[in-house]
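Reading the structure
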Amino acid sequence: MLGLTLAELQALVGELDMPRFTAAQIASWLYGKRVDTIAAMTNLSLKHRELLEARCEIGAAAPAGAMRSTDGTVKYLYRAGTRFVEAVYIPETERATLCVSSQVGCKMNCRFCMTGKQGFAAQLTATEILNQIHALPQREKLTNVVVMGMGEPLDNLDEVLKALQVVTAPWGYAWSPKRVTLSTVGLRKGLRRFIEECDCHLAVSLHSPFPRERRELMPAEGAYSIEEIVALLRRYDFSKQRRLSFEYILFHGVNDTPQHAKALLRLLDGLDCRVNLIRFHRIPGVDLEGSGEQAMLRFRDYLTARGRFTTIRASRGEDIFAACGMLSTAKQGEAASAPGVPLS
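Source: prediction; values computed, not measured. (Residues numbered from 1 in each chain as written. Predicted model: local features only at pLDDT ≥ 70, side-chain atom pairs only at ≥ 80, totals over all residues. Heavy atoms only, no water.)

**Quick word on the environment of Glu 196**
With respect to the helices, strands and loops of the structure, Glu 196 is situated in helix H7 (residues 188–197). Within the structure, Glu 196 has its side chain in polar contact with the side chain of Tyr 236 (distance 2.7 Å). (Helix = DSSP H or I, 4+ residues; strand = E, 2+ residues; numbered from the N terminus. Polar contact = N/O pair within 3.5 Å; in protein donor to acceptor, adjacent residues only side chain to side chain.)

**A look at the sheet that holds strand S10 (residues 244–249)**
With respect to topology, 10 strands assemble into an open sheet ordered S1-S2-S3-S4-S7-S8-S9-S10-S11-S12, the strand pairing being mixed. Of all strands in the sheet, those with a lone pairing partner are strand S1 (65–68) and strand S12 (310–312), marking the two edges. Mean inter-strand twist for the sheet, computed between neighbouring axes without regard to direction, equals 20°. As paired strands, strand S7 (residues 144–147) and strand S8 (residues 180–184) are joined by 3 bridges and run parallel to one another. Looking at the pairing, Val 146 lines up with Thr 181 of S8. Strand contacts of helix H5 (residues 126–134): strand S2 (74–80), strand S3 (83–91), strand S4 (96–100) and S7, with the helix running at about 155° to S4, the strand carrying the most contacts. (Pairing = 2+ DSSP bridges. Axes fitted to C-alpha atoms, helices over the stretch in contact; angles between N-to-C directions. Contact = heavy atoms within 4.5 Å.)

**Focus: the pattern of salt bridges**
Here the structure, examined in full by the defined rule, presents 14 salt bridges. For the salt bridge of Lys 162 with Glu 8, the shortest nitrogen-to-oxygen distance reads 3.1 Å. Separated by 154 residues along the polypeptide, Lys 162 in helix H6 (residues 157–168) and Glu 8 in helix H1 (residues 6–15) bring together distant segments of the chain. With a relative accessible area of 18%, Lys 162 lands in the buried category. With relative accessibility at 31%, the residue Glu 8 sits in the partly exposed group. The partner of Asp 287 in a salt bridge is Arg 111, with the nearest N and O atoms 2.7 Å apart. A residue pair is termed long-range when its members are at least 10 positions apart, and Asp 287 in the loop between strand S11 (274–278) and helix H11 (293–305) and Arg 111 in the loop between strand S5 (103–105) and helix H4 (114–118) qualify at 176 residues. For Arg 111, a relative accessible area of 28% corresponds to the partly exposed category. (Salt bridge = Lys/Arg side-chain N within 4 Å of Asp/Glu carboxyl O. Buried < 20%, exposed > 50% of the residue type's maximum accessible area, 1.4 Å probe, protein only.)

**Let's talk about H7**
Where H7 is concerned, the buried positions are Gly 190, Leu 191, Phe 194 and Ile 195. Projection of H7 onto a plane perpendicular to its axis shows the buried side chains occupying an angular sector of 125°, all on one side. The exposed set on the far side of H7, more than 90 degrees from its buried face, consists of Lys 189, Glu 196 and Glu 197. Where H7 is buried, its residues contact H6, S8, strand S9 (201–205) and helix H9 (226–233). (Arc of directions from axis to C-beta.)

**Here's the deal with the packing of helix H10 (residues 258–268) against H11**
The interhelical angle for the contact between H10 and H11, taken along N-to-C directions, is 35°, at an axis separation of 10 Å. The two elements H10 and H11 meet at a crossing, and its hand is right-handed. Seen from H10, the contacting residues are His 260, Ala 261, Lys 262, Leu 264 and Leu 265; seen from H11, they are Phe 299, Tyr 302 and Leu 303. Looking at side-chain class alone, the contact of H10 with H11 contains 6 nonpolar, 1 polar and 1 charged residues. (Left-handed = near helix turned anticlockwise from the far one by under 90°. Nonpolar A, V, L, I, M, F, W, Y, C, P; charged D, E, K, R; others polar.)

**Regarding the packing of aromatic side chains**
Applying the stated criterion across every chain yields a total of 5 aromatic pairs. Look at Phe 112 and Phe 251: their rings are 5.7 Å apart centre to centre, the planes differ by 40°, and that puts the pair in the tilted class. Of this pair, Phe 112 sits in the loop between S5 and H4 while Phe 251 is found in the loop between S10 and H10, placing the two residues 139 residues apart along the sequence. Its relative accessible area of 12% is what places Phe 112 among the buried residues. A relative accessible area of 0% means that Phe 251 is categorised as buried. Clustering of aromatic rings is evident, with ring pairs tying together Tyr 31, Trp 171 and Tyr 173. Sitting above the plane of the Trp 175 ring, Arg 179 keeps its charged end 3.6 Å from the centroid. (Phe/Tyr/Trp six-rings, centres within 6.5 Å; stacked < 30°, edge-to-face > 60°. Lys NZ or Arg CZ within 6 Å of the ring centre and 35° of its normal.)

Here you go:
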């Protein structure tokens, strides 16, 4: 039941010959009170609870494991069939963010991402996406959610939009869309639809303003270039409720030169957006190296001095397999070699 929209709950209670208003009651229990059992829905009659229990289950599942950083960051593992996905809880002074996954593995195969090295295994359902929030031990402290864990959200857009509808709808978690961000490499078939059907913030992975170089880092560039992405984004107004950001991992000697900064300014000229500079967490078998602190500061200051709002994202969880996909890859290997061994 977790992940069902109000319309789907109304259809369900109709099939069970229950009053239509019970759909709103069930939604309140699922998303307002966040119960884990149908028996806890005490304003439903015993008969109706028994009907639901015979047909449905909540669909919630506790994390299968966790790693805790000295800085307070916690990387949780959730089971998805026989495999695992990650959600990362990042507490800060006045906010707490959860990065959630949308797929098991990923098709994009970005050179710098461990998830891409896993290959693609499965799409997560809206239930599995929402469960990362529902079953989070610190869920009452959450202030923000970012769909930028394992997987490419636009490659699983139906289920992602359904999950985000639950998060932002008055009958769901009732969060403001300003508290939610979707991060994407930019897919032709999904980007326009996301912008037009959802009011959540948008972050686009850029990483190089030069198409050929970006393609070497991100093969998806070959299907839908960053220039085409920017051209599409120019058709929409990002000056009001929704925020548009571009994510830029800085690699030493690859994309951190003055020429890159100048080209980035030209590419984004006139577009209402910000740039987030990100430190690179090294992964096995990849010869990329992150830019040093001074190089990152110079890059930021160059953009800022020329009117482009630019931040350097704080690096978190470096002592707990910080790079996306690292922990799930390690645990998948353990599970394969020792089936049935519980995670810790």
